[in-house]
Amino acid sequence: MKLRGFSIVPAAAALLLLTGCGGNVSPGTASVVNGTTITTSQVDELTDAQCAGVALAAKTQQAQAGSRKQVARGALSLLIDTQLNLDFAKSLGLDPNPTSAAQIYSRVDPLIQALPAKDRPVTERVFHRWATARDLMTQVGAIATGQTVTADNEDTILNAGYQKRQSWLKGVKVRTNPIYGPTKDGFPGGGDGSVSQASSSFAKSGAAATEKPTWVADLPANQRCG
């Protein structure tokens, strides 16, 4: 999972196999993850921060502009994955290692501190939880593999943790608001988030999995990041 404006890519994003379905959520709810509600306000705040990150990176040509819709889906994906990891670790009776979590967080803190001041608090909260969740999933992987975590094998062990999570996910429900284009499993990004069928070439470009720079450039400013 790549977050626009941040060089943060959870190593096992491809292993996210969720059960549940999209829709059937109350107003103001982005997703309900294993009984925990993620609000649209939470997603909007994180999206604002990520868009600020994209704008900063674009000044040095390190990031390409994208649609706010796509950035919001990435923000919700991060929030969902973090919650699942925390819940899975709790089901195993694991406790976070504060030292390890702090070390993981330190990798992204410089990026967060570069954001405008108004965007830092929400981003700090989200990524402190993300770092704690990553520490826990690394613990799961270390137990599964019997290996001690090092800089060289950390991603491999993290992947092992995600593999262990797959069986647990069979009993988990993720329900996501249709505006985020959820897949049948409830993870955002499987559809275009629209209740109508795209007919014009512009609309079809917006529903495509990969956004064309020319299409993004034609979006209204409030629908574009970067």
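Each chain carries its own residue numbering, running from 1 in the direction its sequence is written. With the structure being a predicted model, the display of local features is reserved for residues of pLDDT at least 70 and the display and counting of side-chain atom pairs for 80 or more, all residues being used for whole-chain, interface and lining totals. No hydrogens and no water enter the side-chain calculation; it runs on all heavy atoms of the structure.

*Asks:* Any chance you could explain the confidence of the model for the protein chain here in plain terms?
*Replies:* Parts of the model with low pLDDT should not have their predicted coordinates read in detail. Every residue is assigned a pLDDT by the predictor, reflecting its confidence on a scale from 0 to 100. Looking at the protein chain as a whole, its pLDDT mean stands at 81, while 73% of the residues score no less than 70. What makes two residues a contact is simply this: any of their non-hydrogen atoms within 4.5 Å. For residues 1-22, every residue scores under 50 in pLDDT, and the model assigns this stretch 83 contacts once sequence neighbours within four places are set aside. In the predicted structure, residues 193-209 sits below a pLDDT of 50 and forms 15 contacts with residues beyond four places in sequence or in another chain.

*Asks:* I would appreciate a short explanation of the pairing of strand E2 (residues 36-39) in the present structure.
*Replies:* On a regular strand, each side chain points to the face opposite its neighbour's, so the side chains alternate between the two faces of the sheet. One requirement defines pairing of two strands: DSSP has to find at least two bridges between them. Runs of H or I in DSSP of at least four residues are treated as helices and runs of E of at least two as strands, each being numbered from the N terminus. Here four bridges tie strand E1 (residues 29-33) to E2, and the two strands are oriented antiparallel to one another. Its bridge partner lying in E2, Val32 is registered against Thr37. Where E1 folds back onto E2 in an antiparallel hairpin, the turn is made up of two residues, including Asn34, whose phi is positive at roughly 55°.

*Asks:* Whenever I open this one, helix H3 (residues 98-113) confuses me. Can you help?
*Replies:* One turn of an α-helix holds 3.6 residues; hence residues three or four places apart share an orientation. Note that bend, as reported per residue, equals the angle between axes fitted to the 7 residues terminating at that residue and the 7 residues originating from it. At Arg107, H3 shows its largest kink, close to 45°, and the proline Pro110 lies no more than four residues downstream. Categorising residues by exposure relies on relative accessible area from a 1.4 Å probe, with only protein chains included: less than 20% of the type maximum marks a residue as buried, more than 50% marks it as exposed, and the intermediate range marks it as partly exposed. Inspection of H3 places Ala101, Ile104, Tyr105, Val108 and Ile112 among the buried residues, and these make up the whole buried set. As for H3, its buried residues are in contact with helix H4 (120-145) and helix H5 (154-169). N or O atoms within 3.5 Å of each other form a polar contact, as long as, within protein, one can give a hydrogen and the other can take it, and as long as residues adjacent in sequence are counted only when both atoms are side-chain atoms. Capping the start of H3 is the job of one residue whose side-chain oxygen sits 3.0 Å from the backbone nitrogen of Thr99: Asn97.

*Asks:* For this particular structure, what's the right way to read unusual backbone geometry?
*Replies:* Most peptide bonds take the trans configuration, and most residues that are not glycine carry a negative phi. Its identity is not glycine, yet Asn34 carries a phi of approximately 55°, on the positive side. Within the secondary structure layout, Asn34 lies in the loop between E1 and E2.

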